[in-house]
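# Fold and geometry: a report
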Amino acid sequence: MVLGYALLLGLILLLGAWNLGTGSVDVPPGQILSILRARGAASGAVTSDTAARIVWDIRFPRLLAAGLLGGALSVSGFLLQTFFSNPIAGPFVLGISSGAKFTVALALILCLQKGMVLSSWSMVLAALVGSLLSMGAVLLLAGRVRSTSRLVVCGVMMGYLCSAATEFVVNFAEDANIVNLHNWSRGSFAGIQWPAVRIMAGIVLAGTAAAFWLSKPMGAWQLGEAYARNLGVDPRRLRIELVLLSSLLSACATAFAGPVSFVGVAVPHLVKTLFGTARPVVVVPACFLGGGAFCLLCDGVARTAFAPTELGIGTVTALLGAPVVVWMMAGRRGGR
C-alpha cells in the first residue's frame with residue numbers, strides 16, 4: 001500500500017516537472033525551483049521575467065487544475081461505480097458530464113448574447129444542475145432496468161440526448177459565441193488562472209474529503225444493502241450523499257475544463273488493480289492521486305505531441321483511457 005502511494009506521488013512530481021518545464025519555452029528544472037521559491041517568498045509580487053511569468057502565471061495554474069480536476073473525475077467515477085456496483089459506471093459513460101455540458105453551454109450562450117460574463121461560481125452551479133438532472137434520469141432508469149449492460153446503454157443514450165440538445169441550442173448562438181463554446185467543449189486546462197484554481201481547489205478538496213469520510217459506509221455497501229443495514233448504514237441517505245458528491249465533483253471538472261472522457265472509468269480500475277483492493281478507505285485517496293497523474297500525463301501529451309498545435313484534453317484521455325476500459329471488459333469476460 002505504501003509503495004503504491006509512493007509510486008503515484010512520484011508520478012505526480014515527475015509529470016509536474018515535465019509540464020512546468022516543457023512547452024514553447026523550455027525552462028530547466030533548476031530555474032523552475034528558483035522561480036517557485038522566489039515567487040513564494042515574494043507573497044504575490046509581480047515579476048517582469050518572462051520565464052517566471054510563463055511558469056507561475058500560465059503553467060503552474062494549469063498544472064494544479066489538471067491535478068485537481070483529474071482527481072475529481074476519478075473520485076467521482078469511483079463513487080458511481082460503488083453506487084451502481086458497476087465497474088464501467090462513470091460521469092461520462094452515464095451521461096452526467098454531457099448533462100453538465102448542456103446546462104453550461106446554455107448558460108454561456110445566454111450570457112454572451114446579453115454581453116454578460118459568466119463567473120466561475122455560476123458555471124459550477126450550472127454544471128451541477130445539469131449533472132443532477134442527468135443523474136436523476138439515470139436513477140429513474142436504474143429502477144426499471146436491472147441489467148448492468150442495459151443500464152450502461154441507457155446512460156450512453158442519455159449522453160447522446162444531452163449532446164443533441166446542446167447542438168440544438170448552439171444553432172441559435174452567434175458565430176463568435178459558437179467559437180468560444182467549441183473551444184470549451186473540446187476540453188482543455190489552458191487559460192485557467194489563479195482565482196479559478198482557488199475556487200476549484202475548495203470544491204474538489206472538500207468533495208474528496210467528504211468522499212473519504214464515507215469510506216466506512218461505502219465499504220459496507222459494497223458487501224450488499226442488507227449487510228450495510230445491519231451495520232447501521234442508512235441506504236437512502238448514503239445514496240443521496242453519493243449522488244450529490246459524484247455530481248458536484250464531475251460538475252466542477254466540466255465547468256472549468258469542459259467534458260473530459262474516460263478518466264472516471266479507467267483510473268479507478270487502474271488504481272484498484274495497483275493496490276489489489278476496492279476498499280474505499282484506500283481507493284478514494286489513491287483515485288485522487290491517480291486521476292491527477294493521469295490528467296497531467298494527458299495534458300502534457302496534448303500540449304507537446306503536435307506542438308504548436310494543442311489537442312483537446314478529451315481527445316487524449318479517450319485515446320489513453322478507452323483501451324483500459326476495453327482491457328477491463330475483456331478481462332471480465334475472460335474471467336467468466
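Scroll up for the structure.
Residues numbered from 1 in each chain as written. Predicted model: local features only at pLDDT ≥ 70, side-chain atom pairs only at ≥ 80, totals over all residues. Heavy atoms only, no water.

### Points about a nonpolar patch on the surface
Taken together, the side chains of Val-153, Val-156, Met-157 and Tyr-160 define a hydrophobic patch exposed on the protein surface, amounting to about 380 Å² of accessible area. Here Met-157 shows up in helix H6 (residues 148-170). (Patch = residues over 30% accessible without salt bridge, like charges linked within 9 Å, V, L, I, M, F, W, Y side chains within 5 Å. Areas by Shrake-Rupley, 256 points an atom, 1.4 Å probe, with all protein chains shown as cover. Salt bridge = Lys/Arg side-chain N within 4 Å of Asp/Glu carboxyl O. Helix = DSSP H or I, 4+ residues; strand = E, 2+ residues; numbered from the N terminus.)

### Quick look at the pattern of salt bridges
Throughout the structure, instances matching the rule amount to five salt bridges. A salt bridge links Glu-310 to Arg-62; its shortest N-O distance comes to 2.6 Å. Taken together, the positions of Glu-310 in the loop between helix H13 (280-304) and helix H14 (313-335) and Arg-62 in helix H3 (residues 50-84) put the pair 248 residues apart, joining distant regions of the chain. Residue Arg-237 is joined to Glu-241 by a salt bridge in which the shortest nitrogen-to-oxygen separation is 3.0 Å. Pair noted here: Arg-237 and Glu-241 are both in helix H11 (residues 235-257), with a separation of four residues, about one helical turn. Glu-241 gets classed as partly exposed once you look at its relative accessible area, which sits at 23%. The network of salt bridges with common partners includes Arg-62, Asp-299 and Glu-310. (Buried < 20%, exposed > 50% of the residue type's maximum accessible area, 1.4 Å probe, protein only.)

### Looking at the packing of helix H1 (residues 2-21) against H13
Look at H1 against H13: their axes get within 9 Å of each other, and the N-to-C directions meet at 25°. Viewed along their axes, H1 and H13 adopt a mutual orientation that is roughly parallel. Where H1 crosses over H13, the two elements pack in a sense that is left-handed. Taken together, the residues of the contact of H1 with H13 break down into 16 nonpolar, five polar and two charged. (Axes fitted to C-alpha atoms, helices over the stretch in contact; angles between N-to-C directions. Parallel < 35°, antiparallel > 145°, perpendicular 65-115°, else oblique. Left-handed = near helix turned anticlockwise from the far one by under 90°. Nonpolar A, V, L, I, M, F, W, Y, C, P; charged D, E, K, R; others polar.)

### Quick notes on the nonpolar core
Among the nonpolar cores identified, the biggest contains 96 residues, and Leu-69, Val-75, Leu-79, Phe-84, Phe-189, Met-200 and Phe-256 are the most heavily contacted of them. The element that contributes the greatest number of residues to this core is H3, accounting for 18 residues. With near-sequence residues (within four places) excluded, Leu-79 lies in contact with Ala-211, Met-218, Leu-242, Leu-245, Ser-246 and Leu-249. Membership of the second largest hydrophobic core comes to six residues, among which are Ile-88, Val-152, Val-265 and Val-325. (Core = buried A, V, L, I, M, F, W, Y, C linked by side-chain atoms within 4.5 Å. Contact = heavy atoms within 4.5 Å.)

### Let's talk about the packing of aromatic side chains
Overall, the coordinates contain six aromatic pairs when judged by the stated rule. With a centroid separation of 4.8 Å and 90° between ring planes, the pair formed by Phe-83 and Phe-84 is classed as edge-to-face. Of the two residues, Phe-83 and Phe-84, both sit in the buried class. Here the aromatic residues Trp-56, Phe-60 and Trp-194 are joined through ring pairs into a cluster of three or more. (Phe/Tyr/Trp six-rings, centres within 6.5 Å; stacked < 30°, edge-to-face > 60°.)

Everything listed is a geometric property; what it means functionally is a separate question.
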